[in-house]
Amino acid sequence: MSLILEVCVDSIESALAAVEAGADRLELCSNLGLGGGTTPSIGLFKAIRKAAPTVPIMVMIRPRTGDFVYTEAEFEVMVEDTRCFRENGVQGVVFGVLTPDGDVDVTRTQRLVLEALPLQVCFHRAFDMTRDARNAWHQLSKIDGLTRILTRQALHSGQLIPRFTLLPSGQGITIASANSLNVLKDLLDLTKDQDTRIEILPGSGINSSTVGALCQALLPHGLREVHMSGGHWVDGASIWRRDGMGMGIGGAGEWGIWRTNGSAVCAVKDIINSFADSQA
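This write-up is about the structure you can find in this document. (Residues numbered from 1 in each chain as written. Predicted model: local features only at pLDDT ≥ 70, side-chain atom pairs only at ≥ 80, totals over all residues. Heavy atoms only, no water.)

Side note on the side chain of serine 14
The condition is simple: Numbering of helices and strands runs from the N terminus, with a helix taken as a DSSP run of H or I at least four residues long and a strand as a DSSP run of E at least two residues long. Any residue under 20% of the maximum accessible area for its type is buried, any over 50% is exposed, and the rest in between are partly exposed; the area is computed with a 1.4 Å probe on protein chains only. Whether two residues are in contact is decided by their heavy atoms: any pair within 4.5 Å suffices.
Along the chain, serine 14 falls in helix α1 (residues 12-21). For serine 14, a relative accessible area of 1% translates into the label buried. Apart from the residues within four sequence positions on either side, serine 14 is in contact with Val9, Trp258, Arg259 and Thr260.

Here is the structure:
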């Protein structure tokens, strides 16, 4: 069985680069390089759908950067954005809502899922910000209509793993946290044991140096899809730049543009395809 590769993008240029490199699905955001992404425009979605009509698009529903505890006004914006994208033919939506105490806001999550149905629904990395990831998983597993959970951290033996990352070393791949892959195994096994329809979607730190170890460890536990960005800052086209002036971003992003690196996506796609071929 082929693994699905989802690539998050925030422009039509990045979307086309990802699709050409082999992305099976897109997660569409705005401001991806700044604070993890926010809700994109309907215009951007329509432009990408026109340019790549056969590729499924999941749209981020996030009214601002920062935490995932929203005011009532912000939440109503999320509901309206979900409705607008559903009516415009998106494949699914991606969101996450938490309580001030760090739990899943079940009531608001259920409302957004109901608004989105029959679309696919992904609970994004707000999951990583919960105080108890195992409890968060159980809360989400009881919500009918939820399709997948995107995560880079999880729970093992009652402790939050700060980050899921694989690091290259001279001897191949080492794991930044000794429990990182065990955590993802636990979540995948929970999904199988509880007979839920929720997929676990590992993301963050996925590249050609890390995805092989990820697949090797997690395919026996039911891994079906992976998520990556492959993004980096490139220099903008402005030749004349006013000294001391900017938009307040700073660093490479002040005059730069966030773009998906097609070569990075292609390299990951080749590796996950090799695992699918070996299991055929």
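Some thoughts on the sheet that holds strand β4 (residues 92-95)
Basically, it comes down to this: Any two strands with at least two DSSP bridges between them are considered paired. Orientation is described by lines fitted to C-alpha atoms, with helices fitted over the stretch in contact, and by angles between N-to-C directions that extend from 0 to 180 degrees.
Taken together, eight strands build an open sheet; the order of strands is β11-β6-β5-β4-β3-β2-β1-β12 and the sheet is parallel. The strands lining the two open edges of the sheet, one partner per strand, are β11 (199-202) and β12 (225-228). Within the sheet, the average angular offset between the axes of one strand and its neighbour, ignoring direction, is 25°.

Quick word on unusual backbone geometry
The omega angle of the peptide bond from leucine 117 to proline 118 is 15°, so this bond is cis rather than trans. Within the secondary structure, proline 118 is located in the loop between α4 (106-116) and β5 (120-123). The phi dihedral of asparagine 31 is positive, around 55°, even though this residue is not glycine. In this fold, asparagine 31 is placed in the loop between β2 (25-28) and α2 (42-51). We classify asparagine 31 as partly exposed; its relative accessible area is 42%.

Thoughts on the pairing of β5
Our working definition: Seen with its strands pointing away from the viewer, a crossover is right-handed if its path from the first strand over the helix to the second goes clockwise.
With four bridges joining them, β4 and β5 adopt parallel strand pairing. Bridge pairing in β5 links glycine 92 to glutamine 120. With α4 bridging β4 and the parallel β5, this β-α-β connection has right-handed handedness. Of the crossover connections in this fold, the one passing from β5 over helix α5 (residues 133-141) to the parallel strand β6 (residues 148-151) is right-handed.

Overview of the layout of surface pockets
How we decide: Whether a set of points on the 1 Å grid over the protein atoms alone is a cavity depends on a 1.4 Å probe fitting there but being unable to get out, while an open set qualifies as a pocket with protein on both sides within 12 Å along at least five of seven lines; lining residues are those with an atom within 4 Å of a point. Grid points are joined across faces, edges and corners, and a volume is the space filled by probe spheres set on the points. Three residue categories are used. Nonpolar comprises Ala, Val, Leu, Ile, Met, Phe, Trp, Tyr, Cys and Pro, charged comprises Asp, Glu, Lys and Arg, and polar comprises the others, including Gly.
Within this model, the largest pocket holds a volume of roughly 650 Å³. Lining the largest pocket we find 30 residues, and of these Cys8, Leu32, Gly36, Arg125 and Ser204 sit closest to its centre. A breakdown of the residues in the lining of the largest pocket according to their chemical character gives 12 nonpolar, 14 polar and four charged.

Looking at the pattern of salt bridges
Stated formally: Any Lys or Arg side-chain nitrogen found within 4 Å of a carboxyl oxygen on Asp or Glu counts as a salt bridge.
In the structure shown here, the tally under the stated rule is 16 salt bridges. When the shortest N-O distance is used, the salt bridge between arginine 83 and glutamate 115 registers 3.3 Å. Of this pair, arginine 83 sits in helix α3 (residues 72-87) while glutamate 115 sits in helix α4; the two residues are 32 residues apart in sequence, bridging distant segments of the chain. Under the relative-accessibility criterion, glutamate 115 is labelled buried at 17%. The salt bridge partner of glutamate 115 is arginine 86, with a shortest N-O separation of 2.8 Å. Note that glutamate 115 is positioned in helix α4 and arginine 86 in helix α3, a separation of 29 residues in sequence. Here the residues in one salt-bridge network are Glu6, Arg25, Arg148 and Glu225, joined through shared partners.

A word on the packing of α1 against α2
The line we're drawing: Oblique is the label for any angle not under 35 degrees, not over 145, and not in the 65 to 115 range, which are roughly parallel, roughly antiparallel and roughly perpendicular in turn. It is the rotation of the near helix from the far one that decides the hand of a crossing: anticlockwise by less than a right angle makes it left-handed, clockwise makes it right-handed.
In the contact formed by α1 and α2, the axes pass within 10 Å of each other and the chain directions differ by 30°. Here α2 runs roughly parallel to α1, going by the angle between their axes. Considering how the two elements wind past one another, α1 and α2 form a crossing that is right-handed. Side by side, α1 and α2 meet where Ile12, Ala15 and Leu16 of the first sit next to Leu44, Ala47, Ile48 and Ala51 of the second. In terms of residue class, the contact of α1 with α2 is built from seven nonpolar, no polar and no charged.

Looking at α5
Selection rule: When we speak of the arc, we mean the arc of directions from the helix axis to the C-beta atoms. Polar contacts here mean pairs of N or O atoms no more than 3.5 Å apart (in protein, one a potential hydrogen donor and the other a potential acceptor; neighbouring residues in sequence count only if both atoms are side-chain atoms).
Taken together, the buried positions of α5 are Ala133, Ala136, Trp137, Gln139 and Leu140. Summarising the axial view, the buried residues of α5 lie within an arc of 160°, below the 170-degree limit, and thus occupy one face. For α5, the side-chain oxygen to backbone nitrogen distance between the N-cap and arginine 134 is 3.2 Å, and the N-cap itself is aspartate 132.

So, α4
Among the residues making up α4, those that are buried are Arg108, Thr109, Leu112, Val113, Glu115 and Ala116. End-on view of α4: buried residues confined to an arc of 160°, all on one side of the axis. Pointing more than 90 degrees away from the buried face of α4 are the exposed residues Thr107 and Leu114.

Details of the packing of aromatic side chains
To keep it simple, the criterion reads: Aromatic rings from Phe, Tyr and Trp, with only the six-membered ring used for Trp, were paired whenever their centres fell within 6.5 Å, and each pair was classed as stacked if the ring planes differed by under 30 degrees, edge-to-face if by over 60, and tilted otherwise.
Per the counting criterion, the structure on display carries two aromatic pairs. Ring centres of phenylalanine 45 and phenylalanine 85 lie 6.0 Å apart, and the angle between their planes is 85°; on these two criteria the pair is classed as edge-to-face. Residue phenylalanine 45 is located in helix α2, and its partner phenylalanine 85 is located in helix α3; the two are separated by 40 residues in the primary sequence. Accessibility expressed as a relative area gives 1% for phenylalanine 85, which makes it buried. Centre to centre, the rings of tryptophan 233 and tryptophan 258 are 5.3 Å apart; their planes meet at 80°, and the pair counts as edge-to-face. In this pair, tryptophan 233 is assigned in strand β13 (residues 231-235) and tryptophan 258 in strand β14 (residues 256-260), connecting sequence segments 25 residues apart.

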